[in-house]
Structure formats: structure tokens, C-alpha cells
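Overview (structure and organization)
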Amino acid sequence: QVQLVESGGGLVQPGGSLRLSCVASGSIATIHTMRWYRQAPGNQRELVAIITSSRTTNYADSVKGRFTISRDNAKKTVDLQMNSLKPEETAAYYCNADMVPLGDVRDKNYWGQGTQVTVSS
């Protein structure tokens, strides 16, 4: 069974840093684009960062210059380094990826279960 599992969330003070990690597991043939989303209570889920299989990246305007997305294709991981965190960035952060399961020929989209990030003093 193909799945994504996030880790690294927690409580951090304003201005602090956290690094989120997401690992893909199961019978996977190919991992294409990987993404991080976040969702605060009462808000819609928003795209934070995206990285393609060729490592092209893009970021939400609100996090540019502070967040960095990276991936390790051999380890099937995608990380999100978050610096200078703000209280309004308190949210559940979700990993998302387009992956081709072994034996299949088309991308399917997968979500992790989310990891909570709380920015508070």
C-alpha cells in the first residue's frame, strides 16, 4: 500500500525554525511532483511549496525566502525547512505527491495524514 507519512511538527516560538519530513513507502514505481500544503482551523487548505522530479521549486508568496522545499529521490523523501515562523502559520501541514504505483502506468495523487505545527510563545 502506497502511503506518505509526515514527521517533524511541534511547538516553536515565533521567529523559530522547524524542519518537516515526509517519506513515501510501499510499492512505488515513480514519484513525480511533491508538495506541502497547510490548513489552519476554519481555513481552506493552501499550497505552501512544490518541487518537481527535476527539482524545480515554487513557493507561496507568503513563505518565499523563509521556507525551503527539498527532496531525496533515493530515500523517497521530501522536506520542508521553515524559518522565521509566524503565529499565523500555525496549521496542520500535509505532504502530497503524484506517484505511479508499481504495476500501474498513471500517476495517482496521495496525501499524508498531516503533522501539526504550532507557532506560539
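What comes next is a walk through the structure. Only a predicted model underlies this, so the values are computations on that prediction, with no experimental measurement involved.

Remarks on the side chain of Thr115
Tracing the chain through its elements places Thr115 in strand 11 (residues 115-119). Here Thr115 falls in the buried class, since its relative accessible area comes to 11%. For Thr115, the side chain forms a polar contact with the main-chain nitrogen of Gly9, separated by 3.2 Å. Excluding its chain neighbours within four sequence positions, the residues that come into contact with Thr115 are Glu6, Ser7, Gly8, Gly9, Leu20, Ala91, Ala92 and Tyr93.

Focus on the state of the cysteines
Applying the stated criterion across every chain, the model contains one disulfide. Shown here is the disulfide that connects Cys22 with Cys95, its sulfur atoms set 2.1 Å apart. Taking the sign of the S-S torsion, -80 degrees for the link of Cys22 and Cys95, the bridge is left-handed. Highlighted residues: Cys22 in strand 3 (residues 18-25) and Cys95 in strand 9 (residues 91-101), separated in sequence by 73 residues. The burial state of Cys22 is the same as that of Cys95; both residues are buried.

Scoring rules and cut-offs
Residues numbered from 1 in each chain as written. Predicted model: local features only at pLDDT ≥ 70, side-chain atom pairs only at ≥ 80, totals over all residues. Heavy atoms only, no water. Helix = DSSP H or I, 4+ residues; strand = E, 2+ residues; numbered from the N terminus. Buried < 20%, exposed > 50% of the residue type's maximum accessible area, 1.4 Å probe, protein only. Polar contact = N/O pair within 3.5 Å; in protein donor to acceptor, adjacent residues only side chain to side chain. Contact = heavy atoms within 4.5 Å. Disulfide = S-S within 2.5 Å.

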